[in-house]
Amino acid sequence: MSDSRAKPVAMTKFFKIFTTALFLTGAIVPTLASARPMTAEDLATLKRMGSVSVSPDEKWAAYDVTETQPETYERSNALYLLEIDAADATPVRILDVAGKSEHSPAFAPDGSLYYLSDASGSEQLWHADIISGDKVGKPVQASELKADIAGFKLSQTGKQIALWGEIARDCPTFGCEESGNRAEPGPGTGREYDELFIRHWSSWETPGNYSRIFAFGLEDGKITGEGSALDGDLIGDSPSKPFGGGEEITWVPGEDGVFFALRVADRNEPKSTNIDIYGAKADGNETVNFTANNKATDTLPAFSSDGQWLAWAAMERPGYEADRLVVKLRKQGSDEDEAIALTKDWDRSVGSIVWTPDNKYLIVTAQEVLDHPAFAVEVETGKVTRLTAGGNVGTTIPLQDGSLIYTMNSLQAPTDLYRRAADGTVRQLTNINGRELAQIDAVDIKRFDFAGADGEQVWGQIIKPQGASGKLPMAFLVHGGPQGSFGNSWSTRWNPKLMAAPGYAVVTVDFHGSIGYGQKFTDSINLDWGGKPLEDLKKGYEAALKTDPQIDGERSCALGGSYGGYMMNWIAGNWPDRFDCLITHAGVFDLRAMALSTEELWFDQWDHGGNWWTRPSPEKWNPVNKIANWKTPTLFIHGEKDFRIPYTQSIMPFTVAQEMDIPSKLLIFPDENHWVLKGKNSVQWYRAVFNWMDKWTAAGDQEGEGE
């Protein structure tokens, strides 16, 4: 594939075509004449599509939807069934159990449906037959285990199932009476640790407990036997924590075995990105490491339907969580060093892998400029072909007729289900928030590019209320990661469409370090947190003003979370005259304190060059050293359960601002982690953010000519 930064004219034409396609597929949602600005309450209560499964005869799709009560913000999950061949099919809600949640549906080879539900008081496996097309028989509880089931994966024959959950390592079955928590010796409440991790993302670790996989037989819709643990002598989490799921686990077609990704839990774990792919017999014997030679991440195992080839994604550099994930292929029975690096010449990092039914292609997803499309990778040649237009593709399910079922969201709308026919035509299958979105104003979205640091092409977006008149103050959003992107995707947290609703022109910039532009561009932020990215942001600010004269460059507020929050603290000391206000959520303020208190040490040590005391210039990019220049009014926000960036990283700069008599506020959520996830808290978060921005930019107070 050619360099996406080399031909801006061709790329602009490409995006225009994609924008048209988005409108036709429904990703761009037309609004009614009586539409209104989006609100924080809308964001918290819009439905959220989750897992999707297609029936063996490829007539039906089952999916779960998270639904939120507008009065209480209480959430539950419901299952829906959709006839995917019918042009006017209406999704039918199934298994409507009052006060209970059903989720994670998966069709068995016989066409029946397995799913998880808390109907029995804990998360257990349930089973139901599909009868009369869109109706189901009486649900039957398929498991009665002592521990909650976190997920499951059916074998291709439907005669076996892999279940995983949080299980004590010394427990031989799926749940025991004793928790196995070695950190609680008693008789008091104290916890004892003798190695890291002691906490991870949002919870204190429980040594002796791990995410573990057990294999069971299935008969008449129920599990059989006590189950067999697949981790053998291994100690670690599979799926991996905190983000791993069923994509890290696969059954061997036609064989009695499971492959899974696992990172060994030992004293080196907080510094290790060495996730390996293991295989085990379903009886728990012969657990083997199939990627032992690679000391970096190996993940996303996927077998061809004939069981002849294993595909997976592999990184190359140990300790680097944002390294490029290359698709590898290995024939059954071959050695690890005989694996083929299928996408070694494609400078993108894959996010998912599935085989087409004929085993001729792999369908993968990857960030591409500001989109996250689906691609087809030809197995024989490695040729990559983009399949979908603009937007953020998630689940992909290839069908026998060459079509592709996939989920997608965009800046305009949350996730829905789509079907791409073999000839490339796209049809939107669901519109789960159609009624709600029809009442909400759409936004105008414009992409722009400019010469950033080192003269390299950098991309950005401008999102503003559709049809807005007069000058608009700017909301300058800086994404986290830092190896991330504020691309064409829907977020239930930092949502540009909602940010624009009160009358702001939202500007995002994919600075050096962002993903979707090649690995060299992503790597360029290493040891340079406050260098090239800040230069890109400064140039992007000016480029946005030149691109859209409706933006009022004299009224602006910058805001960001995580690395974006770091950048707010860095801007406060290194670009103090630009913004009327700043908002920093879970931002790094003191790099030394961060290095010695964060939990995933590999991230901090890779980005900054090792342990704090061994770095050649540890203070170079530290915001705490520039506080003498601070003067911008700032709102600090943090979750008390954030162990990635501990909440003291917001208390410290708030103390500085207060002592320096800089207008400032601190908003702490005692029940949130690195993100704000609860409905009521999300509404409060946006109210605080909008109040702060409006106070210092006076959004909507000035009149003027628009474009």
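One can find the structure itself at the top, above this paragraph.
Thresholds applied
- Residues numbered from 1 in each chain as written.
- Predicted model: local features only at pLDDT ≥ 70, side-chain atom pairs only at ≥ 80, totals over all residues.
- Heavy atoms only, no water.
- Buried < 20%, exposed > 50% of the residue type's maximum accessible area, 1.4 Å probe, protein only.
- Helix = DSSP H or I, 4+ residues; strand = E, 2+ residues; numbered from the N terminus.
- Contact = heavy atoms within 4.5 Å.
- Expected span 1.5 Å × (residues − 1).
- Arc of directions from axis to C-beta.
- Pairing = 2+ DSSP bridges.
- Patch = residues over 30% accessible without salt bridge, like charges linked within 9 Å, V, L, I, M, F, W, Y side chains within 5 Å.
- Areas by Shrake-Rupley, 256 points an atom, 1.4 Å probe, with all protein chains shown as cover.
- Salt bridge = Lys/Arg side-chain N within 4 Å of Asp/Glu carboxyl O.
- Lys, Arg positive; Asp, Glu negative; His and termini not counted.
- Charge placed at Lys NZ, Arg CZ, Asp CG, Glu CD.

Caption draft 1: Local environment of helix 9 (residues 601-608). Across the eight residues that make up helix 9, a large majority, seven, are buried. For helix 9, the complete set of buried residues consists of Leu601, Trp602, Phe603, Asp604, Gln605, Asp607 and His608. Residues of helix 9 that are buried sit in contact with strand 19 (257-264) and helix 8 (591-597). Backbone geometry just downstream of helix 9 places Gly609 in the positive-phi region, at approximately 95 degrees.

Caption draft 2: Quick look at helix 10 (residues 648-659). A rise of 1.5 Å per residue sets the reference length of helix 10, with its twelve residues, at 16 Å; its end C-alpha atoms lie 16 Å apart and thus fit the reference within 8%. Within helix 10, the full set of buried residues consists of Gln649, Ser650, Pro653, Phe654, Val656 and Ala657. Buried residues of helix 10 fall within an arc of 155 degrees about the axis and therefore sit on the same side. Next to the buried residues of helix 10 lie helix 7 (563-574), helix 8, strand 40 (634-639) and strand 41 (664-669). Of the residues one or two after helix 10, Asp661 is the one with positive phi, at around 60 degrees.

Caption draft 3: Highlighting the pairing of strand 40. Of all six residues making up strand 40, six are buried, and the element is well covered by its neighbours. Burial of strand 40 is two-sided: the residues Thr634, Phe636 and His638 facing one way and the residues Leu635, Ile637 and Gly639 facing the other way are all buried. Pairing of strand 39 (residues 581-585) with strand 40, which is carried by four bridges, proceeds in the parallel orientation. Paired with Leu582 across the bridge in strand 40 is Thr634.

Caption draft 4: Seen up close, a negative patch on the surface. Taken together, the side chains of Glu192, Asp194, Glu195 and Asp266 define an acidic patch exposed on the protein surface. When you line up the elements, Glu192 lands in the loop between strand 12 (160-168) and strand 13 (199-200). Residue class for Glu192 comes out exposed when judged on its relative accessible area of 54%.

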